[in-house]
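Architecture at a glance
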Amino acid sequence: MSQVLHTPPPAPDPVPASAAPPDDAAALAARYGLTVSGARPSLPAYVRQLWARRHFITAFATAKLTAQYSQAKLGQVWQVATPLLNAAVYYFIFGELMGTSRGVPDYIPFLVTGVFVWTFTQSSIMAGTRAISGSLGLVRALHFPRAALPVSYALQQLQQLLFSMAALFVILLCVGVPVSVSWLLVVPALALQFVFNAGVAMIMARMGARTPDIAQLMPFVLRTWMYVSGVMWSIDKVLTAHQDMPHIVLVALECNPAAVYIDLMRFALIDTFHASQLPHHVWALAVGWALLAGVGGFIYFWKAEETYGRG
């Protein structure tokens, strides 16, 4: 009788991990503690990561500020000279030629304060727009919360403003503005403005990362914003003289966040700038704009965390 030899069937080829069903792949990754590379962390975890990099943020901001004028012969003198020269140009054009100084007491400190405070917002937003697109090498080389970049640029501009404020205090004393306890209001006003600027910088950083051409458009947008923010002229004086303007225009001028922070600084520093010239509920407006831009901008930026530096 013939004997039939039965051989076992060949074993199936192992399924590669790339061909594994999604559920199996997720279970396998969880088993070995694997996570998605570059995945967006939760919002609380992201806040903790950003706080852990606070020393990097301050060091990066200081280094950028130091290097900004490193090639100039006058060096860091330009940190004060640049805004002062801008104020001198605006004084000649608007104060003298266009007559916006008429009826405005202490127009020189009024103008210089407006220019310095506006430059803080303008420079923070412009730097934030290029924060990601201009730092792709750093973004692709190192793992860190990307919000550190726009925040550090806003901090750099705050440091720049503090240098300018030293010159502003000298100007105030030279024109006879007395030292007052109200000068202490500069601290909360600047803190709120910094939160607002950092928030808008994060919004623009996300938009600029996706569409770099926005950086070319922003100077025109910011210049228009400056002209309606009362940097060179008194909003209160214009509103008093033109009460026939549409109500929505009046509200927009009064609630303009740039104008709110500028007027708060003027109220704190200039004794002839009275509380009656401030918009109603000015501190509530300042806090509201800071929370809206700061918290909203941070969340908006965080939602695209995993996309920065890709593509």
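Residues numbered from 1 in each chain as written. Predicted model: local features only at pLDDT ≥ 70, side-chain atom pairs only at ≥ 80, totals over all residues. Heavy atoms only, no water.

1. Quick look at the overall build of the chain
Filter applied, for reference: Where helices and strands are cited, they refer to DSSP runs of H or I of at least four residues and of E of at least two residues respectively, numbered from the N terminus. By the convention used here, residues are in contact when the closest approach between their heavy atoms is within 4.5 Å. The method behind every accessible area is Shrake-Rupley, applied with a 1.4 Å probe, and residues are considered shielded solely by the protein chains displayed.
Summing up its helical and strand segments, the chain has 13 helices and zero strands in all. Overall, the chain shows an N-to-C arrangement of helices and strands of α-α-α-α-α-α-α-α-α-α-α-α-α. Sequence separation of 24 or more characterises 79% of the internal contacts of the chain that already satisfy a separation of 6 or more. Summing over all exposed atoms, the chain offers an accessible surface of approximately 17100 Å²; the carbon and sulfur share of this is 68%.

2. Regarding the UniProt feature "transmembrane region" (unreviewed entry) in the chain
The cut-off we apply is this: UniProt positions are given in the numbering used here, feature names are shortened, and annotations may be inferred rather than shown by experiment.
Look at the UniProt record and you will see "transmembrane region" (unreviewed entry) annotated at residues 77–95, 107–125, 161–179, 185–205, 217–235, 247–270 and 282–302. Structurally, residues 107–125 is divided into 100% helix and 0% strand, and its ends, taken at the C-alpha atoms, are 27 Å apart. In residues 217–235, helix accounts for 63% and strand for 0%; the two terminal C-alpha atoms are 26 Å from one another.

3. Things to note about helix H2 (residues 43–52)
To keep it simple, the criterion reads: Each residue is assigned to one of three classes by its accessible area relative to the maximum for its type, calculated with a 1.4 Å probe on protein chains only: buried under 20%, partly exposed between the two thresholds, exposed over 50%. This arc describes the spread of directions from the helix axis toward the C-beta atoms.
Here H2 has its buried residues at Ala-45, Tyr-46 and Leu-50. In an axial view of H2, the angular spread of the buried residues amounts to 135°, which keeps them on one side of the axis. Those residues of H2 that are exposed and angled more than 90 degrees off the buried face are Pro-44, Arg-48 and Trp-51.

4. With respect to the pattern of salt bridges
Short version of the rule: Put simply, a salt bridge is a Lys or Arg side-chain nitrogen that is within 4 Å of an Asp or Glu carboxyl oxygen.
Following the criterion strictly, the structure yields one salt bridge and no others. Arg-266 is the partner of Asp-263 in a salt bridge, and the nearest nitrogen-oxygen pair spans 3.5 Å. On the criterion of helical spacing, the pair formed by Asp-263 and Arg-266 is a turn pair, its members being three residues apart in helix H12 (residues 257–269). The class of Asp-263 is buried, set by a relative accessible area of 9%.

5. Digging into the side chain of Arg-206
Counting through the fold element by element, Arg-206 comes out in helix H8 (residues 186–210). The contacts of Arg-206, once residues within four sequence positions are left out, are Tyr-300, Phe-301, Lys-303, Ala-304 and Tyr-308.

6. So, the packing of aromatic side chains
Note the threshold: Any two rings among Phe, Tyr and Trp, with Trp reduced to its six-membered ring, count as a pair given centres within 6.5 Å; such a pair is stacked if its planes are under 30 degrees apart, edge-to-face if over 60, and tilted if neither.
This model, assessed by the stated rule, comprises 12 aromatic pairs. Here the aromatic rings of Phe-56 and Phe-144 are separated by 5.8 Å at their centres, their planes lie at 55°, and the arrangement is tilted. Here Phe-56 is found in helix H3 (residues 54–68), whereas its partner Phe-144 is found in the loop between helix H6 (136–141) and helix H7 (148–174), with 88 residues between them in sequence. Look at Phe-144 and you get buried, because its relative accessible area is 7%.

7. A word on the environment of Gly-128
Tracing the sequence through the fold places Gly-128 in helix H5 (residues 107–129). For the pair Gly-128 and Gly-199, spaced 71 residues apart in sequence, the C-alpha to C-alpha distance is 9.4 Å. With sequence-adjacent residues up to four places away left out, Gly-128 is seen in contact with Ala-201, Met-204 and Ala-205.

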